[in-house]
Amino acid sequence: MAANKLPESVKAYIVEALACFDTPSTVADAVNREFEVSVSRQQVERYDPTKRAGQNLSKKYRAIFEATRQGFISDTTNIGWAHRATRLRMIQRVGEKAERMGNLSLALQAAEQAAKEEGQIFTNKRELSGPNGSAIPTEAEVRVRYIRPDEPGDAQHNE
């Protein structure tokens, strides 16, 4: 089916999925599953205004892309590869596929990985606190002691 022959609902789905950092191949597969419409990776790429193939995307779909991308980035549950939510989605897909294939070992590894991600094992955040969970004191007491230079008639040095 040619790009201009796609139903509006399919076009919007493609634009939104691309705005959520899904790859053109992933989107093409999803369109085939969800809508039973066969589209190529190249055809999908025409709906991504950040790609050369999508340079001529209409204002309507460009606006949908930008709004979806902005919402996706600001929502911590739907951010690209560098973010936990996206990694959890991928781990879930891997685990489900492994289970369907009967690869229970891989499915269990995916479940363990998801648990680690959810428990934020892979973050570099550290919480520090003072005694009994109180705030850490931030002020330092500085004492300066002034010592006068020895004078020639000082008793300590006349011994």
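Now for a quick tour of the structure. (Residues numbered from 1 in each chain as written. Predicted model: local features only at pLDDT ≥ 70, side-chain atom pairs only at ≥ 80, totals over all residues. Heavy atoms only, no water.)

1. Comments concerning the overall build of the protein chain
Turning to step 1, where the next piece is worked out: Counting its regular elements, the protein chain contains six helices and zero strands.
Turning to step 2, where the next piece is worked out: Here the protein chain holds 159 residues, and the buried ones make up 26% of them.
Turning to step 3, where the next piece is worked out: By element, 50% of the accessible surface of the protein chain is carried by carbon and sulfur atoms, the whole surface being about 12,200 Å². (Helix = DSSP H or I, 4+ residues; strand = E, 2+ residues; numbered from the N terminus. Buried < 20%, exposed > 50% of the residue type's maximum accessible area, 1.4 Å probe, protein only. Areas by Shrake-Rupley, 256 points an atom, 1.4 Å probe, with all protein chains shown as cover.)

2. Overview of a positive patch on the surface
Turning to step 1, where the next piece is worked out: Together, Arg33, Arg93, Lys97 and Arg100 give the surface a local cluster of positive charge.
Turning to step 2, where the next piece is worked out: Here the element with the most residues in the positive patch is helix 5 (residues 84–100); it accounts for three residues.
Turning to step 3, where the next piece is worked out: Mapped onto the elements, Lys97 comes out in helix 5. (Patch = residues over 30% accessible without salt bridge, like charges linked within 9 Å, V, L, I, M, F, W, Y side chains within 5 Å. Salt bridge = Lys/Arg side-chain N within 4 Å of Asp/Glu carboxyl O. Lys, Arg positive; Asp, Glu negative; His and termini not counted. Charge placed at Lys NZ, Arg CZ, Asp CG, Glu CD.)

3. Regarding the side chain of Arg69
Turning to step 1, where the next piece is worked out: Tracing the chain through its elements places Arg69 in helix 4 (residues 59–74).
Turning to step 2, where the next piece is worked out: Buried charged residue Arg69 carries no salt bridge. Nearest counter-charge: Asp48, at 5.1 Å.
Turning to step 3, where the next piece is worked out: With near-sequence residues (within four places) excluded, Arg69 lies in contact with Leu18, Ala19, Phe21 and Thr50. (Contact = heavy atoms within 4.5 Å.)

4. Regarding the environment of Val27
Turning to step 1, where the next piece is worked out: Its location among the elements puts Val27 in helix 2 (residues 24–35).
Turning to step 2, where the next piece is worked out: Under the relative-accessibility criterion, Val27 is labelled buried at 1%.
Turning to step 3, where the next piece is worked out: Considering only alpha carbons, one finds Val27 and Val44, 17 residues apart in sequence, at a separation of 7.2 Å.
Turning to step 4, where the next piece is worked out: The residues touching Val27, leaving out its near neighbours within four places in the chain, are Ile14, Ala17, Leu18, Asp22 and Val44.

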